[in-house]
Structures are given as structure tokens and as C-alpha cells.
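# Close look at the chain arrangement
Here are the chains, one letter per residue:
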Amino acid sequence: MRKLKKYVISKIEEFKVSKDLKESFSYELTRISVRILIPVSYVQIPLSITIIIILLLIIKPIDLYASQAIFMHSLLTTVSIALLILLKKSLSYKVLSLIVKAVFMFILMWTMVFSLLSFSVGGQLTVYLIGLTFVSVSSNLNPLSIIFAFVSTWLIFMGFIPFYTQNEYIIVSNIINLFALNSIAWLTSLILFRMRLEDFML
């Protein structure tokens, strides 16, 4: 038991940053995240607008799922435009860091909600998986922040999936699958966080 405790403590220590370097390291991670979010936003905006136009042209009359998809893509586009406008302003590090964290949390929530809505038409977790993968490799959040984000979306998913499908097998299997996906994503984010920390310390 003592060996296990020492092992766990040693692993936790690997992710700690000294006080004199903590702020500069956090700033570097935020800067990297911003450099990722800007081009992604420029790609997402026209893509979502194209999807909205296609839905409006093809699906007549507009059914419930199509209207929900149009709303979701409109919301995502609005947030992306607002993000690009904000990032052009001269912001303090703390404000910029807060915006970046909020955006990555929004991405997780948006993809989770979109996946839930797709269950009404036989959809799967594909959209959330894309968001989960993107956040795990791009967010640069510290281990505690990322696990809070993943656990929050998982709990919300568990609470709302019964409203979108009554099939118990689908509900249970997706809850288990989502837990596994979140665990893998968290481990991936841990590995990348440690790699960036090692690079920063060089």
C-alpha cells in the first residue's frame, strides 16, 4: 500500500509546476490554444453556414431535428464569430485564459447536446467524440480542469439521454462507452500536458 501511495504521489509531482514558472507556463498553454482556435473558427464558420443552407434547401418542410440542427449550427457560428472578435482585442492574460477555458467547455457541451439530439433520429456519439478528441488534444487545460469538464458533460449526458431514447440497452451501452471515451481522452490530455511541460522546462 505504501509503495502504491509513493507511486501515485510521484506521478502527481510530475505534473506540478514551480510557483515562479506557473504563470508563464499557463500563459504559453493559453497562447497555443488561441493559435489553434483561430484557424478552426475560420473553418467552422463557413462549414456551419453551408450545412444550414443545405438543410434549408433540402428538407421541406423543416422538421424538428432539422430546426434543432440549424439552431445549433447558428449558435456555434455566433460563438465562433464572437471569439474571433474578442481575440482581436488587447486582453489581459487572465481574461484570455478564462475565454479559452469557456470556449473549450462550450465545445464539449455543444457536441454533447448535438449528439443527444441526434438520438431522436437514430444518431450516435460521433459528434461528441469529435468534440472530445479536439478538446483533449487542443485545450492544454491542466489535469484537474480537464477532468472537471469531462465528468460534467458525462453526468449531464447520463441525466438527459433517457429523454431522447427509451431503449435501455442504448442508454446503458452509451453511458458505458462515453465513460470509456472520457477516460481515454483524459489520459491523452495528461500525456500531452506532460509533454508540453517537459518542452517548456527545456
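First things first, this report covers the structure right here in the doc.

We now examine the overall build of the protein chain. From N to C terminus, the protein chain includes seven helices and zero strands. Along the protein chain, helices and strands appear, N-terminal first, in the series α-α-α-α-α-α-α. By the burial criterion, 37% of the 202 residues in the protein chain qualify as buried. Put simply, of all contacts in the protein chain between residues at least 6 apart along the chain, 76% involve residues at least 24 apart.

Turning to the packing of helix H6 (residues 143–160) against helix H7 (residues 168–201), a few remarks are in order. Across the interface, H6 lies against H7 with an axial gap of 10 Å and an inter-helix angle of 170°. With respect to each other, H6 and H7 are oriented roughly antiparallel. Mapping the contact onto sequence places Pro-143, Ile-146, Ile-147, Phe-150, Trp-154, Phe-157 and Met-158 in H6 and Asn-174, Ile-175, Leu-178, Phe-179, Asn-182, Ala-185, Trp-186, Ser-189, Leu-190 and Phe-193 in H7. Residue composition of the contact of H6 with H7, by class: 14 nonpolar, three polar and no charged.

Quick look at the side chain of Ser-173 now. Along the chain, Ser-173 turns up in helix H7. Engagement of the side chain of Ser-173 in a polar contact is seen with the backbone oxygen of Tyr-169, the distance being 2.8 Å. A polar side-chain atom of Ser-173 sits 3.1 Å from the main-chain carbonyl oxygen of Ile-170.

We now examine the environment of Leu-108. Counting through the fold element by element, Leu-108 comes out in helix H4 (residues 93–118). Residue Leu-108 is classed as buried on the basis of its relative accessible area of 0%. Between the C-alpha atom of Leu-108 and that of Phe-134, which follows or precedes it by 26 residues, the distance is 9.1 Å.

Quick look at the nonpolar core now. Across soluble globular proteins, you tend to see nonpolar side chains buried next to one another. Counting 30 residues, the largest nonpolar core has Leu-37, Phe-104, Ile-107, Leu-108, Val-135, Phe-150 and Phe-157 as its most contacted members. Mapped by element, the contributors of at least two residues to this core are helix H2 (19–58), helix H3 (64–87), H4, helix H5 (126–138), H6 and H7. Contact partners of Leu-37, with chain neighbours within four places excluded, come to Leu-83, Val-100, Val-103, Phe-104, Ile-107 and Phe-134. Ile-52, Met-72, Phe-114 and Leu-117 belong to the second largest nonpolar core, which has nine residues in total.

Take the packing of aromatic side chains next. A complete count under the given rule lists five aromatic pairs for this structure. Measuring from ring centre to ring centre gives 6.5 Å for Tyr-65 and Phe-114, while their planes differ by 75°; the resulting arrangement is edge-to-face. With Tyr-65 in helix H3 and Phe-114 in helix H4, this residue pair connects regions lying 49 residues apart in the sequence. On the basis of relative accessible area, Tyr-65 is assigned to the partly exposed category, the value being 25%. Given the relative accessible area of 9%, Phe-114 is considered buried. Ring geometry for Phe-160 against Phe-163: centres 6.1 Å apart, planes inclined by 45°, an arrangement best described as tilted. By relative accessible area, Phe-163 is classed as exposed at 64%. The structure contains a cluster of three or more aromatic residues connected by ring pairs, namely Tyr-65, Trp-110 and Phe-114.

This part takes up the packing of H5 against H7. It is at 8 Å that the axes of H5 and H7 come closest, and there the two elements cross at 20°. With respect to each other, H5 and H7 are oriented roughly parallel. As for how H5 packs across H7, the hand of that crossing is right-handed. Two secondary-structure elements touch here, H5 through Tyr-128, Leu-129, Leu-132, Ser-136 and Val-137 and H7 through Leu-178, Leu-181, Asn-182, Ala-185, Thr-188, Ser-189, Leu-192 and Arg-196. Within the contact of H5 with H7, the residues separate by chemical class into eight nonpolar, four polar and one charged.

Relative to the 18 Å expected for 13 residues at 1.5 Å per residue, H5 spans 18 Å between its end C-alpha atoms, a close match to the ideal helical length. Those residues of H5 not exposed but buried are Tyr-128, Gly-131, Leu-132, Phe-134, Val-135, Ser-136 and Ser-138. Asn-140 occupies a position one or two residues after H5 and carries a positive phi of about 60°.

Before going further, it helps to examine the environment of Phe-193. Tracing the sequence through the fold places Phe-193 in helix H7. Along the sequence, Phe-193 and Leu-141 sit 52 residues apart, while their C-alpha atoms lie 7.7 Å from each other.

The rules behind these values
- Residues numbered from 1 in each chain as written.
- Predicted model: local features only at pLDDT ≥ 70, side-chain atom pairs only at ≥ 80, totals over all residues.
- Heavy atoms only, no water.
- Helix = DSSP H or I, 4+ residues; strand = E, 2+ residues; numbered from the N terminus.
- Buried < 20%, exposed > 50% of the residue type's maximum accessible area, 1.4 Å probe, protein only.
- Contact = heavy atoms within 4.5 Å.
- Axes fitted to C-alpha atoms, helices over the stretch in contact; angles between N-to-C directions.
- Parallel < 35°, antiparallel > 145°, perpendicular 65-115°, else oblique.
- Nonpolar A, V, L, I, M, F, W, Y, C, P; charged D, E, K, R; others polar.
- Polar contact = N/O pair within 3.5 Å; in protein donor to acceptor, adjacent residues only side chain to side chain.
- Core = buried A, V, L, I, M, F, W, Y, C linked by side-chain atoms within 4.5 Å.
- Phe/Tyr/Trp six-rings, centres within 6.5 Å; stacked < 30°, edge-to-face > 60°.
- Left-handed = near helix turned anticlockwise from the far one by under 90°.
- Expected span 1.5 Å × (residues − 1).

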